Amino acid sequence: MKDFEKKLKEIELALLQEDYEQADLIYEELLLHWQDYEKSLKEKEKTENCLRILEFLANLLDNKRRELLSLQKSMQVRGVYSLRSIK
């Protein structure tokens, strides 16, 4: 993917320098390798989606952990009060 971005910058530079032949050559090269770039983009999107899912799961697990800790603390408090009421 970095190669694709590099080629785009090379085209831009060639156009700024009014070197249209060079820009056209680089463009043709991009077209030849477009399928590779497209595959790389799709893989990047899949990776980003996986990272979003992992972040969501981490947040969900963190919230559940907090709920369990809160429940555990309240059960301990109930246990202390029930022991006091027995005495």
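Given the structure is predicted, the values throughout are model-derived calculations rather than measurements. (Residues numbered from 1 in each chain as written. Predicted model: local features only at pLDDT ≥ 70, side-chain atom pairs only at ≥ 80, totals over all residues. Heavy atoms only, no water.)

Draft legend 1. Structural view of the overall build of the protein. Regarding its fold elements, the protein presents three helices and zero strands. Along its sequence from the N terminus, the protein presents helices and strands in the succession α-α-α. Taking 2.2 N^0.38 as the reference for a compact globule, 87 residues should give roughly 12 Å; the C-alpha atoms of the protein span a radius of gyration of 29 Å, well beyond that estimate. With the C-alpha coordinates of the protein rotated into their principal frame, the extents come out at 95 × 25 × 10 Å. The buried share of the protein, reckoned over its 87 residues, is 9%. On the protein, roughly 8100 Å² of surface is accessible, and the fraction owed to carbon and sulfur atoms is 58%. Of the side-chain charges in the protein, 16 are positive and 18 negative, and the distance between the mean point of each set is 24 Å. (Helix = DSSP H or I, 4+ residues; strand = E, 2+ residues; numbered from the N terminus. Rg over C-alpha atoms; globule rule 2.2 N^0.38 Å. Buried < 20%, exposed > 50% of the residue type's maximum accessible area, 1.4 Å probe, protein only. Areas by Shrake-Rupley, 256 points an atom, 1.4 Å probe, with all protein chains shown as cover. Lys, Arg positive; Asp, Glu negative; His and termini not counted. Charge placed at Lys NZ, Arg CZ, Asp CG, Glu CD.)

Draft legend 2. View of the confidence of the model for the protein. For the protein, the mean per-residue pLDDT works out to 85, and 95% of the residues sit at or above 70. Across the protein, the element-wise mean pLDDT spans from 84 in helix α3 (residues 34–86) up to 89 in helix α2 (residues 20–32). (pLDDT = per-residue confidence, 0-100.)

Draft legend 3. View of α2. In this model α2 runs 18 Å from its N-terminal to its C-terminal C-alpha over 13 residues, within 8% of the 18 Å that 1.5 Å per residue would give. Considered for burial, the residues of α2 that qualify are Ala23, Ile26 and Leu30. One face of α2 carries all of its buried residues, which in axial projection span an arc of 70 degrees. Turned more than 90 degrees off the buried face of α2, the exposed positions are Glu21, Leu25 and Leu32. (Expected span 1.5 Å × (residues − 1). Arc of directions from axis to C-beta.)

Draft legend 4. Inspection of the packing of helix α1 (residues 2–16) against α2 at higher detail. Look at α1 against α2: their axes get within 8 Å of each other, and the N-to-C directions meet at 160 degrees. Relative to α2, the element α1 lies roughly antiparallel. Like other packed secondary-structure pairs, α1 and α2 cross with a definite hand, here left-handed. Here Phe4, Lys7, Leu8, Glu10, Ile11, Ala14 and Leu15 of α1 come into contact with α2, specifically with Tyr20, Gln22, Ala23, Ile26, Tyr27, Glu29 and Leu30. (Axes fitted to C-alpha atoms, helices over the stretch in contact; angles between N-to-C directions. Parallel < 35°, antiparallel > 145°, perpendicular 65-115°, else oblique. Left-handed = near helix turned anticlockwise from the far one by under 90°. Contact = heavy atoms within 4.5 Å.)

Draft legend 5. The arrangement of a nonpolar patch on the surface in detail. Nonpolar side chains collect at one region of the surface, where Leu51, Ile53, Leu54, Phe56, Leu57 and Leu60 lie side by side and expose about 600 Å² of accessible area between them. Following the sequence through the fold, Leu57 ends up in helix α3. Given the relative accessible area of 40%, Leu57 is considered partly exposed. (Patch = residues over 30% accessible without salt bridge, like charges linked within 9 Å, V, L, I, M, F, W, Y side chains within 5 Å. Salt bridge = Lys/Arg side-chain N within 4 Å of Asp/Glu carboxyl O.)

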